[in-house]
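Each chain, letter by letter, is given below.
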Amino acid sequence: MKGFSIFSIWFLNLLLLESSSCAAESSVVNPCCWYPCQNSGVCVRFGTDRYECDCTRTGFYGDNCTVPELWTRVRLTLKPSPSVVHFILTHFHWFWDLVNSSFLRDTVMTLVLTARSDLIPSPPTYNTKYGYLSWESYYNISYYTRLLPPVPEDCPPPMGAKGKHGLPDPKVLTERFFRRKTFRPDPQGTNLMFAFMAQHFTHQFFKTAYKVQGGFTKALGHGVDASNIYGDDLIRQHHLRLHEDGKLKYQTVNGEMYPPTASEVPVHMVYPENFPPEKRLVIGQEVFGLLPGLAMYATVWLREHNRVCDILKAEHPTWDDEQLFQTTRLIIIGEIINIIIEEYVQHLSGYLLDLKFDPTLLFNTRFQYSNRIALEFCHIYHWHPLMPDSFLIDGDEVPYSQFIYNTSLLMHYGVEKMVDAFSKQPAGQIGGGHNSHAVVLKVAEMVIRESRATRVQPFNEYRKKFNLKPYTSFYDFTDDIEMARGLEELYGDIDALELYPGVLLEKTRPNSLFGESMVEMGAPFSLKGLMGNPICSPEYWKPSTFGGETGFNIVKTSTLKKLVCLNTKWCPYVDFHVPRNKEEETKPRKLPTEL
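Residues numbered from 1 in each chain as written. Predicted model: local features only at pLDDT ≥ 70, side-chain atom pairs only at ≥ 80, totals over all residues. Heavy atoms only, no water.

Trainee: Could you give an account of the overall build of the protein chain, naming the residues involved and the relevant values?
Mentor: Along the protein chain, the regular secondary structure elements total 24 helices and 10 strands. On C-alpha atoms alone, the protein chain measures out to a radius of gyration of 27 Å, which is about the 25 Å that the 2.2 N^0.38 rule sets for 595 residues. Considering only C-alpha atoms, the protein chain reaches an extent of 105 × 60 × 50 Å along its principal axes. Sequence separation of at least 24 residues holds for 69% of the intrachain contacts in the protein chain that already meet a minimum separation of 6. For the protein chain, the computed accessible surface area is about 27,300 Å², with 57% contributed by carbon and sulfur atoms. Treating the 59 positive side-chain charges of the protein chain as one cloud and the 66 negative ones as another, the clouds have centres 2 Å apart. (Helix = DSSP H or I, 4+ residues; strand = E, 2+ residues; numbered from the N terminus. Rg over C-alpha atoms; globule rule 2.2 N^0.38 Å. Contact = heavy atoms within 4.5 Å. Areas by Shrake-Rupley, 256 points an atom, 1.4 Å probe, with all protein chains shown as cover. Lys, Arg positive; Asp, Glu negative; His and termini not counted. Charge placed at Lys NZ, Arg CZ, Asp CG, Glu CD.)

Trainee: Residue-level account of the side chain of Asn-140, with values.
Mentor: Looking at the element boundaries, Asn-140 is found in the loop between α6 (135-139) and β6 (145-146). A polar contact of 3.0 Å, which involves the side chain of Asn-140, links it to the backbone nitrogen of Ser-142. Beyond its immediate stretch of four places on either side in the chain, Asn-140 contacts Trp-135 and Arg-372. (Polar contact = N/O pair within 3.5 Å; in protein donor to acceptor, adjacent residues only side chain to side chain.)

Trainee: Before we move on, could you go through the environment of Ser-526 and cite the residues and values that matter?
Mentor: Within the element layout of this structure, Ser-526 appears in helix α21 (residues 516-531). Excluding residues within four positions of it along the chain, Ser-526 makes contact with Val-345 and Phe-377.

Trainee: An account of the packing of aromatic side chains is requested, with residue identities and associated values reported.
Mentor: Applying the stated criterion to the full structure yields 38 aromatic pairs. Plain terms: the ring middles of Phe-194 and Phe-576 are 5.7 Å apart, the flat faces sit at 90 degrees to each other, and that makes the pair edge-to-face. In this pair, Phe-194 sits in helix α8 (residues 192-202) while Phe-576 sits in the loop between α23 (560-565) and α24 (582-586), placing the two residues 382 residues apart along the sequence. Of the two residues, Phe-194 and Phe-576, neither departs from the other in class, the shared state being buried. Centroid distance Phe-546 to Phe-552: 5.4 Å. Interplanar angle 5 degrees. Geometry classified as stacked. Each member of the pair, Phe-546 as well as Phe-552, is classed as buried. One aromatic cluster in this structure is built from Phe-194, Phe-201, Phe-205, Phe-206, Tyr-344, Phe-377, Tyr-381, Trp-383, Phe-466, Phe-514, Phe-525 and Phe-576. The ring of Phe-325 carries the charged tip of Arg-241 above its face, separated from the ring centre by 4.0 Å. Taking the ring centre of Tyr-471 as reference, the NZ or CZ of Arg-463 above it sits at 4.2 Å. (Phe/Tyr/Trp six-rings, centres within 6.5 Å; stacked < 30°, edge-to-face > 60°. Buried < 20%, exposed > 50% of the residue type's maximum accessible area, 1.4 Å probe, protein only. Lys NZ or Arg CZ within 6 Å of the ring centre and 35° of its normal.)

Trainee: Give me the lowdown on the packing of α8 against helix α12 (residues 321-349), citing residues and values where you can.
Mentor: At a minimum axis separation of 12 Å, α8 and α12 run at an interaxial angle of 135 degrees. Considering the angle they form, α8 stands oblique to α12. As for the relative orientation of α8 and α12, their crossing is left-handed in sense. Counting all contacts with α8, which are made through Phe-194, Met-197, Ala-198 and Phe-201, the residues of α12 involved are Ile-336, Ile-339, Ile-340, Tyr-344, His-347 and Leu-348. Tallied by class, the residues present in the contact of α8 with α12 amount to nine nonpolar, one polar and no charged. (Axes fitted to C-alpha atoms, helices over the stretch in contact; angles between N-to-C directions. Parallel < 35°, antiparallel > 145°, perpendicular 65-115°, else oblique. Left-handed = near helix turned anticlockwise from the far one by under 90°. Nonpolar A, V, L, I, M, F, W, Y, C, P; charged D, E, K, R; others polar.)

Trainee: Give me the lowdown on the environment of Gly-231, citing residues and values where you can.
Mentor: In this fold, Gly-231 is placed in the loop between α9 (227-230) and α10 (234-240). Each C-alpha atom of the pair Gly-231 and Gln-285 lies 6.1 Å from the other, and the pair is 54 residues apart in sequence. Beyond its immediate chain neighbours, meaning those up to four positions away, Gly-231 contacts Arg-236, Leu-240, Gly-284 and Arg-329.

Trainee: Can you break down the nonpolar core residue by residue, with the values?
Mentor: In terms of nonpolar packing, the biggest core is built from 146 residues, with Met-193, Phe-196, Tyr-344, Trp-383 and Phe-422 touching the most fellow members. Ranked by residues supplied to this core, first place goes to α12 with 13 residues. (Core = buried A, V, L, I, M, F, W, Y, C linked by side-chain atoms within 4.5 Å.)

Trainee: Can you lay out the state of the cysteines for me, pointing to particular residues and giving the numbers?
Mentor: Here the structure, examined in full by the defined rule, presents five disulfides. Here Cys-32 pairs with Cys-43 through a disulfide, and the sulfurs are 2.0 Å apart. Taking the sign of the S-S torsion, -85 degrees for the link of Cys-32 and Cys-43, the bridge is left-handed. Within this pair, whereas Cys-32 is found in the loop between α1 (2-27) and β1 (42-46), its partner Cys-43 is found in strand β1, the two being separated by 11 residues in sequence. The class of Cys-32 is buried, set by a relative accessible area of 11%. A residue is classified by how much of its surface remains accessible, and Cys-43, at 25% relative accessible area, is partly exposed. (Disulfide = S-S within 2.5 Å.)

Trainee: Tell me about the pairing of strand β2 (residues 50-54), and name the residues and values.
Mentor: Sheet analysis places β1 next to β2, joined by five bridges and oriented antiparallel. When the sheet's bridge partners are listed, Val-42 is paired in β2 with Asp-54. (Pairing = 2+ DSSP bridges.)

Trainee: Provide a residue-level description of unusual backbone geometry, including the pertinent values.
Mentor: Here Ser-122 and Pro-123 are connected by a cis peptide whose omega angle stands at 5 degrees. Looking at where Pro-123 falls in the secondary structure, it is placed in the loop between α5 (104-117) and β5 (126-127). Phi angles above zero are rare outside glycine, and Tyr-405 is one such case at about 60 degrees. At Asn-511, a residue that is not glycine, the phi angle is positive and equals roughly 55 degrees.

Trainee: Give a description of the pattern of salt bridges that names residues and reports values.
Mentor: Applying the stated criterion across every chain, the model contains 29 salt bridges. Across the salt bridge formed by Glu-175 and Arg-179, the nearest N and O atoms sit 2.6 Å from each other. Given the relative accessible area of 32%, Arg-179 is considered partly exposed. For Lys-464, the salt bridge is made with Glu-461, and the minimal N-O distance between the two is 3.0 Å. Of the two residues, Lys-464 and Glu-461 are both situated in helix α17 (residues 459-465); the distance of three residues between them amounts to about one turn of the helix. (Salt bridge = Lys/Arg side-chain N within 4 Å of Asp/Glu carboxyl O.)

Structure, rendered in structure tokens:
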């Protein structure tokens, strides 16, 4: 008995020792959870409780990359803050009138392009699986890339070292802060023509593979490749092609060209079960049957492709179907980029500087003609508050129940009336919260859940990455006191606020579509992706790429109005901005031949 009791005491002490050791180990928090490395320094963990910051080429040094080098100190002293730059670019009309009419426009545009693009690493660094540099991150384009590494897996709170140990239910978040109370139109004058362009344009490269967890993309291209028009693989492309004179297949309804139907072209489209094949419009992007606004844009681009084919055929009678198709596709890609930069981004920015699509501006700068779509860019681009309560077309009010998957609306009203209606109907303000229609709330929930599954870093960490001051409290973040209290109650700390709720709920800039963060984070991704397109490179940007000067000029002179009015019977009011006055709304439009 004596021996047994001694053994028991020894065994008990051993168990206590092991349990205390385990407790000690479990209480050790990964030091990188605190995001100690500032100014783009990289946190590397050593052992269990030690870290080092790699400050290489950040312009800073010190334990946490917080001490500026001499030239960094000078640059920071002279460099205006993003808010000051935005103020200058959106005020002083007399100054920008002078800039826009002189050689200074090219100089300032070059500065805008380089300053924005330099914020996006090229080649890509991290992806949705690896929080450190790896060959897989660079080589495997099935992943979205990402700007910041994921939150370390062993952090006690899910957003790092701050905030509560549990994140709020996404449904609670969206119902409480996203759901629309009363439709709030965008004070900047954005319309539904812009809203549907945003969806149509971005869904050529935002194609998340939801069946595969971990932030994979189904898109084969990571930029503007017009796959939303031509399909994202060769099989789909060849089904959509007429294989004659470079053209795409179409059907004729009331003497006008529209996308073909599933009964004629056997490719997969997402429609409700039992939806008749003869009513399923077949388009490059498989989900574009969802909204008539997307089918409208698909119809316009289909007509534009076939129109350009006719022009090239007349100039190059010896070219075969393949060369006509491939060259026309390059022209269409050029038209898309031109319209997006000079009209779409121009409208978004609110800048008084006239933005210019001119790839030669970057030929003498260090620039890489490649692009990878980042998970963060995909997340923050979910702009569903743009959607109205209902759709007003030619005097009719169409509710969502009669709008979604109703392809017959396109043929019933025609492209002209739909363009006119969407150009005149205001879209909702994106930022500020409380402006998402109930129909789209599930999308916001989905984005939040995906963000958590891929461990996206907190909103304030992205603020710092884009040279913005992190918010110090929820009351600094929003002007809505009730929202600030609610977010504080759910998250506990402003440094635990998630990225997507951050950019959607942030207080808006005066008379603007959204807040500071959306502009400062979205613009670098956007401009890098647009100007990083191969057609913008010195090897491609020349007349021969586009079949000669005629094709090159189609690219360089393209506008939204031309796109629509050269492909319709009559020219409607077409713009990304609602009519600014009654005269603009009712004045007669030029005929296509006069453009």
